[in-house]
Amino acid sequence: MDRHGTNAAKIATYLDDHPAVVQVNYPGLPDHPQHELAQNQMDGFGGIVSFEVDATEAETRAVLEELEVFTLAVSLGGTESLIDHPTTMSASYLSDEEREAAGIPDSLIRIPVGIERVDDLIADLDRALANR
């Protein structure tokens, strides 16, 4: 669990500084709106990171297709790093209006971070985001 959280924090920090990323959702980032609450209630900040890229839905899917270390799948609780596109995967059953109301834009990507070498995970993201 420590590795899960540590990897997620490093990935969130990397994404927060990336020019192709519009927003990072991770309570461990100091500018997250619920950072202080999470800090008071949690032992660590967890291993789920989501982020929005400056891209259309098709361009967002193209980023996902470039990944080699992450597995494109929907699941939580494993030791391997997964990545999913909620619009077309985990939230695809919602209407456009419901996804919008829930704050799920077409450019949102969700990562249940695993315990692999974080440098490999960041390098994979960096390569996939390079053309954004």
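Model, not experiment: these values are computed from the prediction.

1. A look at the overall build of the chain
What the chain contains, in helices and strands, is 5 helices and 5 strands. The secondary structure elements of the chain, listed N-terminal to C-terminal, are α-β-α-β-α-β-β-α-β-α. For 132 residues, the compact-globule estimate of 2.2 N^0.38 gives 14 Å, and the chain sits close to it at 14 Å. Dimensions of the chain, computed from C-alpha atoms along their principal axes, come out at roughly 35 × 30 × 30 Å. Within the chain, buried positions represent 42% of all 132 residues. Nonlocal contacts in the chain, meaning residues at least 24 apart in sequence, comprise 68% of its contacts between residues at least 6 apart. Carbon and sulfur atoms form 47% of the exposed surface of the chain, whose accessible area is close to 7300 Å². Here the chain contributes 8 positively and 25 negatively charged side chains, and the mean placements of these two sets differ by 6 Å.

2. Concerning the pattern of salt bridges
Following the criterion strictly, the structure yields 7 salt bridges and no others. The shortest N-O distance in the salt bridge between aspartate 120 and arginine 117 comes to 3.5 Å. With relative accessibility at 36%, the residue aspartate 120 sits in the partly exposed group. Here aspartate 124 ties to arginine 127 by a salt bridge, and the two come within 2.6 Å at their closest N and O atoms.

3. Focus on the sheet that holds strand S5 (residues 108–112)
Across the sheet, which stays open at both edges, the 3 strands sit in the order S1-S2-S5 with antiparallel pairing between neighbours. Edge positions in the open sheet fall to strand S1 (21–25) and S5, since each of these has one partner strand only. Taken over all neighbouring pairs, the strand axes of this sheet differ in orientation by 20° on average, direction set aside. With 5 bridges connecting them, strand S2 (residues 48–53) and S5 associate as antiparallel partners. Counterpart to serine 50 in the pairing with S5 is arginine 110.

4. Considerations on the side chain of serine 81
Counting through the fold element by element, serine 81 comes out in the loop between strand S3 (71–72) and strand S4 (82–83). Polar side-chain contacts of serine 81 include one of 2.7 Å to the backbone nitrogen of glycine 114. There is a polar contact of 2.6 Å between the side chain of serine 81 and the side chain of glutamate 116. Beyond its immediate chain neighbours, meaning those up to four positions away, serine 81 contacts Val69, Phe70, Thr71, Pro112, Val113, Gly114, Glu116 and Leu121.

5. A word on the packing of aromatic side chains
Within this structure, the stated rule accounts for 1 aromatic pair. On the basis of an interplanar angle of 65° and a centroid distance of 6.5 Å, the ring pair of tyrosine 26 and phenylalanine 45 is categorised as edge-to-face. With tyrosine 26 in the loop between S1 and helix H2 (35–41) and phenylalanine 45 in the loop between H2 and S2, the pair connects residues that are 19 residues apart, well separated along the chain. Classification of tyrosine 26 as buried rests on a relative accessible area of 2%.

6. What about the environment of proline 27?
Relative to the assigned elements, proline 27 resides in the loop between S1 and H2. In this structure proline 27 comes out as buried when scored by relative accessible area, which is 18%. In sequence terms proline 27 and glycine 114 are 87 residues apart; their C-alpha atoms lie 17 Å from each other.

Reading the values: the criteria
- Residues numbered from 1 in each chain as written.
- Predicted model: local features only at pLDDT ≥ 70, side-chain atom pairs only at ≥ 80, totals over all residues.
- Heavy atoms only, no water.
- Helix = DSSP H or I, 4+ residues; strand = E, 2+ residues; numbered from the N terminus.
- Rg over C-alpha atoms; globule rule 2.2 N^0.38 Å.
- Buried < 20%, exposed > 50% of the residue type's maximum accessible area, 1.4 Å probe, protein only.
- Contact = heavy atoms within 4.5 Å.
- Areas by Shrake-Rupley, 256 points an atom, 1.4 Å probe, with all protein chains shown as cover.
- Lys, Arg positive; Asp, Glu negative; His and termini not counted.
- Charge placed at Lys NZ, Arg CZ, Asp CG, Glu CD.
- Salt bridge = Lys/Arg side-chain N within 4 Å of Asp/Glu carboxyl O.
- Pairing = 2+ DSSP bridges.
- Axes fitted to C-alpha atoms, helices over the stretch in contact; angles between N-to-C directions.
- Polar contact = N/O pair within 3.5 Å; in protein donor to acceptor, adjacent residues only side chain to side chain.
- Phe/Tyr/Trp six-rings, centres within 6.5 Å; stacked < 30°, edge-to-face > 60°.

Read these as spatial facts, not as claims about activity.
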